[in-house]
Amino acid sequence: MRFHPNDVQRRSRGAAAALFLTIVFLMGSFFRAQVLQHRRYAIAAEENRLREVPLAAARGLILDRHGAVIAENIPGYTVSVLAHREDSLRAVLGRVAKIIPMASDQIELVSRRFRRGSSRPTVILSSASFDLVSRLEEYRLQFPGLIIQETPKRYYPDGAAVAALVGYTGEISDDELGAEAFSGYKQGQQVGKGGIEKQYETRLRGREGVRFVEVDARGRVVRNADAETTLLPEPAAALTTNIDLDLQRYVAGIFGDSLTGAVVALDPSTGDVLALHSAPTFDPNRFVGGIPVAYWRQLNDDPRKPLLSKALQGRYPPGSTWKLATSVTALELGLVTMEERMAVPCTGAFQYGNRPFKCHLARGHGLLNLQQAIEQSCDVYFYQLGLRIGLQRLIAGGIKLGGGSRSGIDLPNDNRPSFPTEPIADYFNRKYGARGWSGNSPSLNLAIGQGENSQTVVNLARFYTALANGGDAMTPHVVHAEPERTRLFELDSATLDGVRAALAGVVSRGTAAASQIQGVVLAGKTGTAQSGRFVNGTELDHAWFAGFAPAVAPKIVVAVMIEYGGHGTRAARIASKIIEHYLKAAPTQFLKTEGE
Amino acid sequence: MRRAIGVDFPLVGLALLLSIMGVAAVYSAGQTDVSTGLANLWRTQSLYLALGLGAAWMVSRISVRALDHFTPPIYIGTLLALVLLLFVGRGAGTGQHSKSWIYISGVSIGQPSELAKIAAVIMLAKVLAGRSGAPQSLAELARPALVIGVPWVLIMLQPDLGTGLVFIGIFFAMLFWAGTDWTLLVLAASPVVSLVLAFNTGIWGAWFILLVALVFYARPHILESIAVVAANLVTGVAAPIIWASLSPYQQRRLLVFLDPSSDPLKGGYHVMQSQIAIGSGGWFGKGFTNGTQKRLGYLPEQQTDFIFPVIGEELGFVGVAIVLGLFAWLMLRCVRVAGRSTNPFASLVAFGLVSMIFVHVLINVGMTIGVMPITGIPLPFFSYGGSFMLTCWLTVGLLVRLSIEGRGRADSLVI
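Because the structure is a prediction, the values reported are computed rather than measured.

Draft legend 1. Examining the overall build of chain A more closely. Counting its secondary structure elements, chain A contains 20 helices and 19 strands. The proportion of buried residues among the 596 residues of chain A is 47%. Taking contacts inside chain A between residues at least 6 apart in sequence as the whole, the part at least 24 apart equals 73%.

Next up, the structure:
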């Protein structure tokens, strides 16, 4: 074979041209990517390289009215992992589980967190102990995607004593993430789960910061990115509440572990919540960073239901504490005066229709006027008063006095009391059927705070602020706000004095005579409410006391309820101690009296 | 006319410059923030370069006549090695699925298919040079096709798609250099084109009409015309069947080539990360050893098949343009060697070798930027690997010899 020089020259040129075009084509491709589309690829490279690590902001402190700390933040540790696929996350968890014990449901939980949002590190432990963290640090090299951060951890120095009030914090749930109210929240964040923490979430949350870490192709953390890219978190400002922490502690101390019930203490001039407690309580500190399963089960299995707020959610028949509502309704309508006696004297029972209605005092009170009837809590008097008012007006009066509405306190789970609604015929027909009730008969029970009436402790306390103020009910406020008054009733001053005198008489010589306080006139009303629950044939009663002190220009209103606590005097004694503690006065005497 | 003097120093200098840049690139590929075990590869690569230079020097001492003489045994030996490989070969790197490596007691010795390229080039050159003229018909293409076809089949059985493509590139390039008519080359290639286009009936139909028109224009032998048309019909129909017989990774790679975004976390992931590395380099790059994509392990096989993105990321478009420019210059020098050689065998060998380098550069560089399929073939002088470095420098050594012996003709190409 021979190559003619011309042919070779032609082919050489052809080859050179092909070569040239190919190189130009390749360079063009690179020019397009490196120069024309540089920005796009540069961003993609940064996104590859950098992962966002949230820096949790410290929640705002919660302070009492004097600046004492109710909720604060202590250093804690969060352990999270950066993974780009679920199987690699599980692989890391499997290795972590060899060093720190992890239940399989915990691993499932972490996987679920990952599926919710994988761009941020997935939290494994939101509150790890120092010991645990140092153990993990020892094996640092085995866990390249692991991020251990110091994060502020919620702490309640008084723990269980403030649980009913502050609630607790916890990781945002799936439902919350989907809710409008939590728009802007992200997977893994801590939010208020109850009480003040939940109510004032927006004021307490602070602004989350962010830093960036550099990760490799497998999502392993290589190093922290430049410090200037870090956005520091901004803690929220402290939230000052109306709570008197000293009183709150005292209240919780009185209840201890054995009693079940609730206390609400209000300042009647403003509606400020001075103390609010529900017993038995729980330790909110154990809820922070995930509730231990055993503790959660224990709380849920407890028949006394520690997680149910007995101050806000629990509804109990108010018993004789409601006689003041009956009295005020009748007085306002002009159906009775403080001095008026009823036609039938108390002989221990009152015959209505074919049924006797009992008084709590079997031997009877004889003939009493309204003031004495309040002092002695005579049921027979109030049966007759109830009949005189009539069912229609009795219920309308109860509704007017706030018996059917929420207290309006600035806390979640403020339950609506259970009270007949208007029109009452519809209400009773719905409840008992058209023939299940007749005429005035429900009035007898309603007049003494039984029957179709269950009040929350906080709502009863609100009603007693109206008694203390001469008609103005104050909406309870945990956090300072403009006082909100609602005019519940209008009585002339002589009648008001009479009512106050009767309430003072309850404590000085009536059913709560054991609960007097030296130098302070305490006014209030006991209640012993039938619960409908029987043990060995005996009905258990809820013990109530609602009252205020001093009787003139009152400084504190207290409502105490002891679930299945028996006689109202027990509640009165607790209320008396609370008031005494608050007013710094000493009790005078402890007299034994017969029950109401 | 022979002159025993005059080594083509620009050619050697360019190859040496590219190799040194290559060692530097391998060094940079080892500078990562994650443990990759690549940190010291540049030392080994330097050693391979030294070995390559030694081999090149030795090869440059072999006369063209001797080379011509020893071509058949070299070729036969290579074929035997490839057959042997089908039984003892193992995978490595991006080619985990292919049996391209020879191991002796657990130590990888090399990839015979790299050297097989050179063997195929010299054998094809010998066959073509032995003819009185360029092949005029498909029948006359049979022998050359057999020379390339046998090693090609053995390599496709490994399977090593990339190297297979190089063989095809060499085949057509050398036929072109031998003066084969372009219509004949198109007709020869047409069944493969049909195979590829068969996935779209409309496009294949258009191609088929063009082919029939070409047959009438070129007027080859009637039997050959029928054979070509029939072959196109068969491959056009057989394509889907052959597709089904491909291994999943080959199917995926082909699909991903057609649409890189179709499979972002698997095959396409590599292209995407490679493009991100290159694109984020900008005009001047992130600085030598500072590429974040590379440092953090986003580049697959950054020391071998994907070494060019390291250059793109760290040295930017300027670096890319320089390297491609140097390659272009080197290849033009090689074409010049081929053009100046009076000996047809020598000229064909030179052109075969440059076409080999050309296909490697085009496919390797093209795949990193997404204009070529990922076939896993290395970049000459850059990619880490002993056999390949040796192949590259044997190529240079041969070209030096050919340049020394081929100075009889006036420059057909002034570079």
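After that view, the rundown keeps rolling.
Draft legend 2. Structural context of the overall build of chain B. When its secondary structure is counted, chain B shows 15 helices and two strands. Sorting the 415 residues of chain B into buried and exposed places 53% on the buried side. The long-range share in chain B, meaning contacts at least 24 apart out of those at least 6 apart in sequence, stands at 71%.

Draft legend 3. Molecular detail of the packing of helix α14 (residues 344-369) of chain B against helix α15 (residues 386-405) of chain B. All names here are of chain B. Viewed as axis vectors pointing N to C, α14 and α15 meet at an angle of 145 degrees, and their least axial separation amounts to 10 Å. In this structure, α14 crosses over α15, and the sense of that crossing is left-handed. On α15, the residues that touch Ala346, Val349, Ala350, Leu353, Met356 and Ile357 of α14 are Thr395, Leu398, Leu399, Leu402 and Glu405. Classifying every residue of the contact of α14 with α15 gives nine nonpolar, one polar and one charged.

Draft legend 4. Representation of the interface of chain B and chain A. Residue-level contacts link 45 residues of chain B with 37 residues of chain A. Here the residues of the side of chain B that touches chain A sort into 25 nonpolar, 17 polar and three charged.

Draft legend 5. Representation of the sheet that holds strand β8 (residues 209-215) of chain A in the model. Residues and elements named next belong to chain A. Taken together, three strands build an open sheet; the order of strands is β1-β8-β9 and the sheet is antiparallel. Each edge of the sheet is formed by a strand with only one pairing partner; in this case those strands are β1 (50-55) and β9 (221-224). Between one strand axis and the next, the sheet turns through 40 degrees on average, direction left out of account. When β1 meets β8, the two strands line up antiparallel, connected through six bridges. Counterpart to Val53 in the pairing with β8 is Arg211.

Draft legend 6. Focus on the sheet that holds strand β18 (residues 538-549) of chain A. All names here are of chain A. Across the sheet, which stays open at both edges, the five strands sit in the order β12-β11-β19-β18-β17 with antiparallel pairing between neighbours. Across the chains shown, the open sheet's two edge strands, defined by having one partner strand only, are β12 (273-279) and β17 (523-535). Across the sheet, the mean angle separating the axes of adjacent strands is 10 degrees when strand polarity is ignored. Here helix α18 (residues 457-469) sits on the sheet in contact with β11 (261-266), β18 and β19 (556-562), set at roughly 145 degrees to β19.

Draft legend 7. Here's a closer look at the pairing of β8 of chain A. Pairing of β8 of chain A with β9 of chain A, which is carried by three bridges, proceeds in the antiparallel orientation. Its bridge partner being in β9 of chain A, Val215 of chain A is matched across the sheet by Val221 of chain A.

Draft legend 8. Here's a closer look at the confidence of the model for chain B. All names here are of chain B. With 89% of its residues at a pLDDT of at least 70, chain B reaches an overall mean of 84. Taken together, the stretch residues 1-5 has pLDDT below 50 and engages in five contacts with residues farther than four places along the chain or on a different chain. Model confidence for the complex: the whole-complex pTM is 0.69, and ipTM, which rates the interface, is 0.89.

What counts and what doesn't
- Every chain's residues receive numbers from 1 upward, in the order its sequence appears when written.
- Written order decides the labels, with chains lettered from A and ligands numbered from 1.
- Whole-chain, interface and lining totals are the exception, using all residues; otherwise, since this is a predicted model, local features are given only for residues with pLDDT of at least 70 and side-chain atom pairs are given and counted only at 80 or more.
- For the purposes of this entry, the term helix denotes a DSSP run of H or I that reaches at least four residues, the term strand denotes a run of E that reaches at least two, and both are numbered from the N terminus.
- Backbone-placed C-beta atoms define the burial measure: a residue is buried with 20 or more other C-beta atoms within 10 Å of its own, exposed with 12 or fewer, and partly exposed in between.
- A residue pair is marked as a contact if its C-beta atoms, positioned from the backbone, fall within 7 Å.
- Geometry is summarised by axes, namely lines fitted to C-alpha atoms with helices restricted to the contacting stretch, and by angles between N-to-C directions that run from 0 to 180 degrees.
- Crossings are sorted by hand: turned counterclockwise from the far helix by less than a right angle, the near helix makes the crossing left-handed, and turned clockwise it makes it right-handed.
- Lys, Arg, Asp and Glu make up the charged group, whereas Ala, Val, Leu, Ile, Met, Phe, Trp, Tyr, Cys and Pro make up the nonpolar group; the residues left over, Gly among them, are polar.
- When DSSP finds two or more bridges between a pair of strands, those strands are recorded as paired.
- Scored from 0 to 100, pLDDT reflects the predictor's confidence in each residue.

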